[in-house]
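Residue-level listing of the chains:
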Amino acid sequence: MPSGHYVDGSYYFYAPNKGAAIFFLIGFFTSGLIHVWQCLHYKCWKLTPLFPFCCLLFTAGFALREYGAFHYDNLNVYIASICITYAAPPLLELQNYQILGRILYYVPYNSPLHPGRVLTSFGFLSAIIESLNGWGASYSANQSLNNDQIAIGHALIKTSLILQIAVAVLFVLLASTFHRRCLATGIKNDRLNTPLVTLYVSITLILVRTIYRVVEYFGVAQLRFGPGFNPMDMSPIIRYEWFFYFFESTMMLSNVVLFNLRHPRRYLPRSNKIYLATDGVSEVEGPGYKDPRPFWVTLVDPFDIYGILTAKSKQDKFWELPGHGTSECRDRAKLDTDLV
């Protein structure tokens, strides 16, 4: 409610806005349909499968929230709507990792690490973070535990939320390092810059949402529920619904619509074997970027620091081999006739 007062029996604290839930339901559903069409049109189900799936999750989450607006005292509906809605943003981050890796394949000679290791390395870190989050939730939600154990649960969740921000910062550092290398070598192709800028905007939207979740949870974790508890002692972030609709819903809807408008396959070739020649204009089809090291080694050492220090790096610089110069370049229209 606009007044910020507790609505008796509501698990949301307030009576959820019916119109806002419908608006975002329609928005995510429409964006999801467009993403399905784009995956079919650009033949990129392997590159961007999580966009339509996340839109489906958001659509289901807001459908439940709309139902909860009429039945805000239904605990099962409340839990389902929150869990489904909060499950999508980490998957959107995972999708960004996949897109950045695809961009690195396009300019392999400026990539700080093997492009395929972006998804595996950041996905591995995200899995650890989600494990901490789940472990903490199991402690903090179990009221049969003592206060010290519940406090451990809150600490684990706080740690996971802060680590999410740290991983997002690392992602930006990796992308910006690659971007600076491209600029330093004179690579200023719009087919590279446009998806990179789109990623910067996307990770900013996700980061704003994550910071909101950190502030929200820190405010809730310090509360102690029991006899005499005053609901008005809760943070305004909990008491006013507009915080959720702006920092959670609007940020995430803007993210998926952003990729509707600037889909990476509009700019990047279908095959990751096609890369931008060192002249920054022509495109070449090479053998592909391979990493002969065992998979577990690539997880532990994605940058191949051991190979660099010992001068035993196994990565072939195929872009420097004969037959992969600009004379072998192919026209974009022949390589990607399906582009618009």
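For the structure, check the block above.
Everything in this summary refers to the structure shown in the same document. (Residues numbered from 1 in each chain as written. Predicted model: local features only at pLDDT ≥ 70, side-chain atom pairs only at ≥ 80, totals over all residues. Heavy atoms only, no water.)

### Describing the overall build of the protein
Move 1: Looking only at helices and strands, one finds eleven helices and two strands in the protein.
Move 2: When the helices and strands of the protein are placed in sequence order, the string is α-α-α-α-α-α-α-α-β-β-α-α-α.
Move 3: Partitioning the intrachain contacts of the protein with sequence separation of at least 6 by distance along the chain shows that 78% fall at a separation of at least 24.
Move 4: Approximately 16,700 Å² of the protein is accessible, and the part contributed by carbon and sulfur atoms is 65%. (Helix = DSSP H or I, 4+ residues; strand = E, 2+ residues; numbered from the N terminus. Contact = heavy atoms within 4.5 Å. Areas by Shrake-Rupley, 256 points an atom, 1.4 Å probe, with all protein chains shown as cover.)

### Things to note about unusual backbone geometry
Move 1: At Phe 13, a position not held by glycine, the phi torsion is positive, near 90°.
Move 2: Here Phe 13 falls in the buried class, since its relative accessible area comes to 4%.
Move 3: At Lys 43, a position not held by glycine, the phi torsion is positive, near 55°.
Move 4: By the secondary structure assignment, Lys 43 is in the loop between helix H1 (18-42) and helix H2 (50-70). (Buried < 20%, exposed > 50% of the residue type's maximum accessible area, 1.4 Å probe, protein only.)

### What to know about the pattern of salt bridges
When charged atoms on two side chains of opposite charge get close, those side chains can pair.
Move 1: For the structure on display, the rule yields three salt bridges.
Move 2: For the salt bridge of Arg 65 with Glu 241, the shortest nitrogen-to-oxygen distance reads 3.2 Å. You can see Arg 65 sitting in helix H2 and its partner Glu 241 sitting in helix H8 (residues 241-261), a full 176 residues away along the chain. Neither Arg 65 nor Glu 241 differs from the other in exposure class; each is buried.
Move 3: As a salt-bridge pair, Glu 248 and Arg 209 come within 3.0 Å of each other at their nearest N and O atoms. With Glu 248 in helix H8 and Arg 209 in helix H6 (residues 190-221), the pair connects residues that are 39 residues apart, well separated along the chain. Exposure class is identical for Glu 248 and Arg 209. Each is buried. (Salt bridge = Lys/Arg side-chain N within 4 Å of Asp/Glu carboxyl O.)

### A look at the packing of H1 against H8
Packed helix pairs are specified by the crossing angle of their axes together with the interaxial distance, meaning the distance between the axes.
Move 1: Contact pair H1 / H8: the axes reach a minimum separation of 9 Å and the direction vectors enclose 25°. In this view, H1 runs roughly parallel relative to H8, as classed from their interaxial angle. You can see that H1 and H8 cross each other, and the crossing is left-handed. Between H1 and H8, the contacting residues are Ala 20, Ala 21, Phe 23, Phe 24, Gly 27, Phe 28, Ser 31, Ile 34, His 35 and Gln 38 on the first element and Tyr 245, Ser 249, Thr 250, Met 252, Leu 253, Val 256, Val 257, Phe 259 and Asn 260 on the second.
Move 2: Here the contact of H1 with H8 is composed, by residue class, of twelve nonpolar, seven polar and no charged. (Axes fitted to C-alpha atoms, helices over the stretch in contact; angles between N-to-C directions. Parallel < 35°, antiparallel > 145°, perpendicular 65-115°, else oblique. Left-handed = near helix turned anticlockwise from the far one by under 90°. Nonpolar A, V, L, I, M, F, W, Y, C, P; charged D, E, K, R; others polar.)

### Digging into the environment of Phe 171
Move 1: Take Phe 171: it is sitting in helix H5 (residues 147-184).
Move 2: For Phe 171, a relative accessible area of 2% gives the class buried.
Move 3: Taking the C-alpha atoms as reference, Phe 171 lies 9.7 Å from Glu 93; in sequence the two are 78 residues apart.
Move 4: Filtering out sequence-adjacent residues up to four positions away, Phe 171 remains in contact with Asn 96, Tyr 97, Leu 100, Phe 122, Leu 199 and Ile 203.

### Describing the packing of aromatic side chains
Move 1: For the coordinates displayed, the defined rule picks out 20 aromatic pairs.
Move 2: Ring centres of Phe 122 and Phe 171 lie 5.9 Å apart, and the angle between their planes is 85°; this geometry places the pair in the edge-to-face category. On the criterion of sequence distance, the pair formed by Phe 122 in helix H4 (residues 116-140) and Phe 171 in helix H5 is long-range, its members being 49 residues apart. In this pair, the class of Phe 122 matches that of Phe 171, namely buried.
Move 3: Plain terms: the ring middles of Phe 244 and Tyr 245 are 5.2 Å apart, the flat faces sit at 70° to each other, and that makes the pair edge-to-face.
Move 4: An aromatic cluster of three or more residues is present, and its members are Phe 23, Phe 24, Phe 28, Phe 58, Phe 62, Phe 244 and Tyr 245.
Move 5: Here the guanidinium or amino end of Arg 65 rests over the ring plane of Phe 244, the centre of that ring lying 4.1 Å away.
Move 6: The cationic tip of Arg 209 hangs over the ring face of Tyr 86; the distance from NZ or CZ to the ring centre is 5.6 Å. (Phe/Tyr/Trp six-rings, centres within 6.5 Å; stacked < 30°, edge-to-face > 60°. Lys NZ or Arg CZ within 6 Å of the ring centre and 35° of its normal.)

### Remarks on the side chain of Ser 202
Move 1: Examined against the element boundaries, Ser 202 turns out to sit in helix H6.
Move 2: Polar contacts involving the side chain of Ser 202 include one to the side chain of Asn 96, which spans 2.9 Å.
Move 3: Residues contacting Ser 202, with those up to four places away along its chain left out, are Asn 96, Asn 255, Leu 258 and Phe 259. (Polar contact = N/O pair within 3.5 Å; in protein donor to acceptor, adjacent residues only side chain to side chain.)

### Re the packing of helix H3 (residues 75-106) against H5
Move 1: It is the contact of H3 with H5, at a shortest axis distance of 11 Å, that shows an interaxial angle of 15°. Judged by the angle between their axes, H3 and H5 are roughly parallel. For H3 against H5, the interelement crossing comes out left-handed. The segment H3 lies against H5, with Glu 93, Asn 96, Tyr 97, Leu 100, Ile 103 and Leu 104 engaging Gln 164, Val 167, Ala 168, Phe 171, Leu 174, Ala 175 and Phe 178.

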